[in-house]
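# Structural overview
For reference, the chains in residue letters:
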Amino acid sequence: MRETQKISTMERVNVGLAKRYRRERRFRLFGLAAIAASLLFLVLLLGSIVAKGYTAFRQTEILLDIHLDPTVLDVNNLATANYAALVRDAVLALFPQVEGRQDKRVLGKLVSTGAAYQLQDMVMSKPELIGATKSVWVLADDEVDMFVKGHIPRDVPESERRVNDQEVAWIDQLTASGRLQLKFNTTFFQAGDSREPELAGIRGAVMGSLFTLVVTLALSFPIGVAAAVYLEEFAPKNRWTDLIEVNINNLAAIPSIVFGLLGLAVFLNFMNLPRSASLVGGLVLTLMTLPTIIIASRASLKSVPPSIREAALGVGASKMQTISHHVLPLALPGMMTGAIIGMARALGETAPLLMIGMVAFIVDIPHGFSDPATVLPVQIYLWADSPERAFVERTSAAIMVLLLLLLAMNAAAVLLRNKFERRW
Amino acid sequence: MPPSLLIILVLILSSLAYWQGRRRALTLARQPAAGKMHSRPGYYGMLTALWCGLPALLIVAVWQVAADPVLTQMAMKGVTAAKGALSPDQVNLLINDIRNLVGGNLVAREVDPVLQAAADQYLGLKRLSNLALATVALTTALVAAYLVLARIRPTLRARNQVERAIEVILTLCSTFAVFITIGIVLSVLFESIRFFQQIPFFDFLFGLKWSPQMAIRADQAGSSGSFGAVPVLTGTFLISGIAMAIAVPFGLMSAIYLSEYAGPKFRATVKPLLEILAGVPTVVYGFFAALVVAPFIRDLGTWAGLPVASESALAAGLVMGIMIIPFVSSLSDDVINAVPQSLRDGSYGLGATKSETIKLVILPAALPGIVGSILLAVSRAIGETMIVVMAAGLAANLTLNPLQAVTTVTVQIVTLLVGDQEFDSPKTLAAFALGMLLFVVTLVLNVIALYVVRKYREEYE
Amino acid sequence: MQKIALTLAAASLLVASAASTQAADGRDYISIVGSSTVYPFSTAVAEQFGKTTKFKTPKIESTGTGGGLKLFCAGAGVDSPDIANASRQIKKAEVETCAKNGVTQIVEVKVGYDGIVLANSKKVGQMKLSRKDIFLALAKEVPSPEGGDKLVANPYKTWKDVNAQLPAEKIEVLGPPPTSGTRDAFVEMVMDEGCAAFEPIKALKKTDEKKFKAVCQTVREDGAYIEAGENDNLIVQKLEANPKSLGIFGFSFLDQNADKIQGSMIDGQAPDFKSIADGKYPVSRPLFIYVKKAHVGQIPGIAEYLAEFTSDRAWGEDGYLAEKGLIPMPKDERKTVAADAKALNVIVNNKF
């Protein structure tokens, strides 16, 4: 009787085993599901941006036969001639049946206001064309563009559309005759900011970002590496250096907006540097990137094994010689990786630059460090607020460009790390 | 000559000095009577180059900064003589005009002959000044180089001197990093103190109403100007709370899977992908939140019959959580990997399954590190700006309902400072006070996190 | 060794060149700050100006009228703005502040008219409001619902509470902060008029003007009125997302988004181009730009910028500003203002 009731250890274990295995499988699945969900978020994020933005890379253009009337175009005064009138005449010529001032005005609005500038550039660079009739592809108005790309639906009642039925009929006519086409959007890459979406581009913002990053790199890399070398190699190991290390670690984790406040109080209020200049933006970003570079450089200096240092000291090198000939070259790939990652983070920063005024409407492309400029993330922020529908797709396209730049920088860092880093 | 050319010239001279010093050292070394040189020849060259270059560059830098105001003063003497006493602002404008003339920029109107004369005088003086600078700098460089060359002998401890100079430069650079923190603390503290002189400290910290948009003129009627930070802080913690509720489970489970279950190939592909989430700029997340997530949640709410604000805390918190997942994940990953294999082996040896090992052995062992990483993630969430600026609301609502719109500390800082920036109105200073609050809270969190991580890490060494 | 020396040299070169470029040139672009209502028009003119003349495109920041005039009056030096956009006329106190800080010659240029609308999403019905309704809905203190002279904290929660004919929706209005000229114009034209409909308050106007203003113009802070910042575009977007709320902004923003939002009728008038131009719509106000005469001639291009703004091509009935929603002044008025602007006639102090 006793034997039949006594259960062996193995049987006891086996009773609960199935449940434990089930729990194990569930747990493992949770882990996998968490990763899958995170990746799903990523796909969702990138997917929605790309879906909204890929249409921005093509732009609707209309083919006009423009007669370069010499009576309008005075050779001696080409800058102030009325190019808009010439463009308008060309559009009206395509639809001779349209009468009435109001209708003609609406017809003229099918073409972007930028067409006049396009014509101006063309005539001023080649004045010998005056008198001829040229076929020119000009930009269409942003609402025509939105309609052609399908963002303004055809099937809603007219009062809910930005493009009325008459305009729709004209657009269809132009498409049918081959005079309306979607072409690659070069304006997006060549122009600066503009109030008109079809004339807006990211070149000003990209140049501003470039200047700002150059200032940041030029200032933060030397100072950061120097500070890291000192703190890692020369500083005595006492309470003060401990405090400094904690201090720098904290700086790296401070919200970026606080650096913006610092920049506002010191650079703008106290030192009176020009507002909205890439120089000030670069200075603020230097303050932000410095801790990151110091930490990364220290880590790579630490990773060089003591045997290398001792070998150098053993053959009679001084401390400085050890560092400059042996340690630094070996740690350099890690430092450069850290610098590139720091730069990538600086490229994507918006908040501190809002505080120092890089948030104005600036059309001209900056040419120097003290020209007013804006950076790509701030441009994205500004465009995200604009009401015109066409800006939504341009914002998404600008985001795509920004992400590509960041991807390139991070890939460069990873490549560098893989190629040059030595594992001891 | 223009300053940049001068600097290049000084650098060339320094290089020549380097070459000369080195050559001299080598020559001396070949004379057996002189004895062995103290340092390698390059150091003698470097010493000469440093003495040649540094004083000269210093002179150039100081001259550049100091010369301009002096020259402008001298040029303006002629103008003030002609035009009589001018207010400082008029002087300012005339100087700007002169600068534009000098720089060849477009000038506004017909050029006033007095100003043109002043501009010409300025140009003349500048040319003189540049010539003087060039002479002084180059002479200094040459004299210094010659003096050092004369002093080169075997007993000259060139290496020590050069190394000390470089050490000084390194020290200066690292103190600069410390000055940044001091700078932040001082600038924010200074303005905050001015703020607290106008608004009592406890009113700010414990007040329940936040309506800072005061009247900006005497005859205007604005808000009551209450600066109670509690609703704003509640909003911050609500959104951060939602963000952590998403980031911690997803991040932690991903870290566990990647470190315990995943094979090396899976790990190598998935880890960089998760890092991409961390690399996306926050303005992109803000755009995504405002354009995709918020309308989606609002539609979901309407379908479920719940009143959802168009800028619900849920939308902002959700997107912020997604952004923080990689932080929690990679930090926890490092911590879990640091747990010694012996603990795992012991557990397996007793017959535990993998999940039981993780739940009962590894997580408790790694807990301090994980807590530390969560605290760092919280500090990141609290300090996040762009996502909330674009997706969260502006009204300081004292509520814990995630479906309503709330505002956060960072949004208020941006709103108060973009535009009106008079540095003595309580409105502008309130932004600095909020910044101070933010700085202190994140600092405390970071210190606790680092302390916890450091303290408990040593137990397994 | 050499590497370190070279790096240090390169770094110093860079810093020196950066420092030298900064000190040399003066400001050669126009700096404009001010109203977010005038911002779309100002930027359109600036762009046109930059493309058709040899001058640099002006830099324009949208700070709100109040903030803009404050920056404008903060000093007369080269680091202060040249032009301030304003969606209301400059106040006497501001002129005095300007004079105190050295800005004594201000040129006022009226550029057109704008209506202030109370708009909501097209997804719901159009609201028909009176100014009295709006006052009761938005003021901090209102006459007690029981009647009598006493003022109580605003108890009304839904539009139906205010006026039985309005829908039973929660009162939620997004509007500009006190730095905005639109807010100033709104409280003067709507709130003041709305509360004057109550006899006891109207009597207050004669006895204690300050109290009258305080009662009429103070807006409630319990969440029904939300200050949505200077960015009018943002308010438009929020209206789209939240059909139950109303927004206060300039007519140009309504015009540019007419497919998504509609303006409420105020005192029986719907806001459109004609009713605002005729003056029938009760909430219309002129828009101004203020120029520092001292800067004209010092900063290149200001006179030409004004010429562009006051040209028929820009502000005329067929001009590109009308396309953007600006309501042009009558032809004669345009001529006078353009002549004044060209002559740079300054504000005379006894005008106030």
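Residues numbered from 1 in each chain as written. Chains lettered and ligands numbered in written order. Predicted model: local features only at pLDDT ≥ 70, side-chain atom pairs only at ≥ 80, totals over all residues. Heavy atoms only, no water.

### A few points about the state of the cysteines
Residues and elements named next belong to chain C.
- All told, the structure shown has two disulfides over all chains when counted by the stated rule.
- One disulfide in the model links C73 with C98; its S-S distance is 1.9 Å. On the S-S bond that ties C73 to C98, the torsion sits near -75 degrees, and the link is left-handed. One end of the pair, C73, is in the loop between α3 (65-72) and β3 (83-86); the other, C98, is in helix α4 (residues 92-100), with 25 residues separating them in the sequence. As far as burial versus exposure is concerned, C73 and C98 are alike and both buried.
- The disulfide partner of C195 is C216, and the gap between their sulfur atoms is 1.7 Å. (Disulfide = S-S within 2.5 Å. Helix = DSSP H or I, 4+ residues; strand = E, 2+ residues; numbered from the N terminus. Buried < 20%, exposed > 50% of the residue type's maximum accessible area, 1.4 Å probe, protein only.)

### Structural notes on the environment of V143(B)
- Relative to the helices and strands, V143(B) is located in helix α4 (residues 113-151).
- Taking C-alpha positions, V143(B) is 9.6 Å from W51(B), a pair spaced 92 residues apart along the chain.

### Details of the packing of aromatic side chains
- Tallying each qualifying case throughout the model produces 26 aromatic pairs over all chains.
- Residues F288(C) and Y290(C) carry aromatic rings whose centres are separated by 5.9 Å and whose planes lie at 25 degrees to one another, so their mutual orientation is stacked. Take F288(C) and Y290(C): they sit in the same class, and that class is buried.
- Connected via pairs of aromatic rings, a cluster forms that spans F195(B), F196(B), F201(B), F202(B), F204(B), F206(B), W210(B) and F227(B).
- Of note, K183(A) hangs over the ring of W137(A), and the distance from its end group to the ring centre comes to 4.2 Å.
- The lysine or arginine in question, R23(B), covers the ring of W19(B), its NZ or CZ lying 5.5 Å from the ring centre. (Phe/Tyr/Trp six-rings, centres within 6.5 Å; stacked < 30°, edge-to-face > 60°. Lys NZ or Arg CZ within 6 Å of the ring centre and 35° of its normal.)

### Points about the side chain of D333(B)
- With respect to the helices and strands, the residue D333(B) is situated in helix α10 (residues 313-338).
- Beyond its immediate sequence surroundings of up to four residues, D333(B) is in contact with A255(B), L258(B), S259(B), R267(B) and K271(B). (Contact = heavy atoms within 4.5 Å.)

### Digging into the domain arrangement of chain B
- The assigned domain composition of chain B is domain 1 (3-156) and domain 2 (226-460).
- Between the C-alpha centres of domain 1 of chain B and domain 2 of chain B the distance comes to 52 Å. (Domains from an automatic or database assignment.)

### Some words on the side chain of S112(A)
Residues and elements named next belong to chain A.
- For S112, the location among the structural elements is in the loop between α4 (101-108) and α5 (114-125).
- A residue is classified by how much of its surface remains accessible, and S112, at 3% relative accessible area, is buried.
- Within the local environment of S112, its side chain forms a polar contact with the backbone nitrogen of G114, the two atoms lying 2.8 Å apart.
- With residues near it in sequence (within four places) discarded, S112 still touches L139, A140, D141, E198 and L199. (Polar contact = N/O pair within 3.5 Å; in protein donor to acceptor, adjacent residues only side chain to side chain.)

### Things to note about the environment of S303(A)
Residue and element names in this part refer to chain A.
- Following the sequence through the fold, S303 ends up in helix α12 (residues 278-303).
- Along the primary structure S303 and L330 are separated by 27 residues, whereas in three dimensions their C-alpha atoms are 9.4 Å apart.
- A distance of 2.8 Å separates a polar side-chain atom of S303 from the backbone oxygen of S300.

### With respect to the pattern of salt bridges
- For the structure on display, the rule yields 34 salt bridges over all chains.
- Notably, a salt bridge pairs R20(A) with E356(B), separated by 2.7 Å at the nearest N-O pair. Residue R20(A) is located in helix α2 (residues 9-53), and its partner E356(B) is located in helix α12 (residues 354-383); the two belong to separate chains.
- Exposure remark for E356(B): the relative accessible area of 15% places this residue in the buried category.
- We note a salt bridge from E163(B) to R159(B), for which the minimum N-O separation is 3.5 Å. On the criterion of helical spacing, the pair formed by E163(B) and R159(B) is a turn pair, its members being four residues apart in helix α5 (residues 158-198).
- By relative accessible area, E163(B) is classed as buried at 10%.
- One connected set of salt bridges, linked through shared partners, spans R105(A), K109(A), D318(C) and E323(C). (Salt bridge = Lys/Arg side-chain N within 4 Å of Asp/Glu carboxyl O.)

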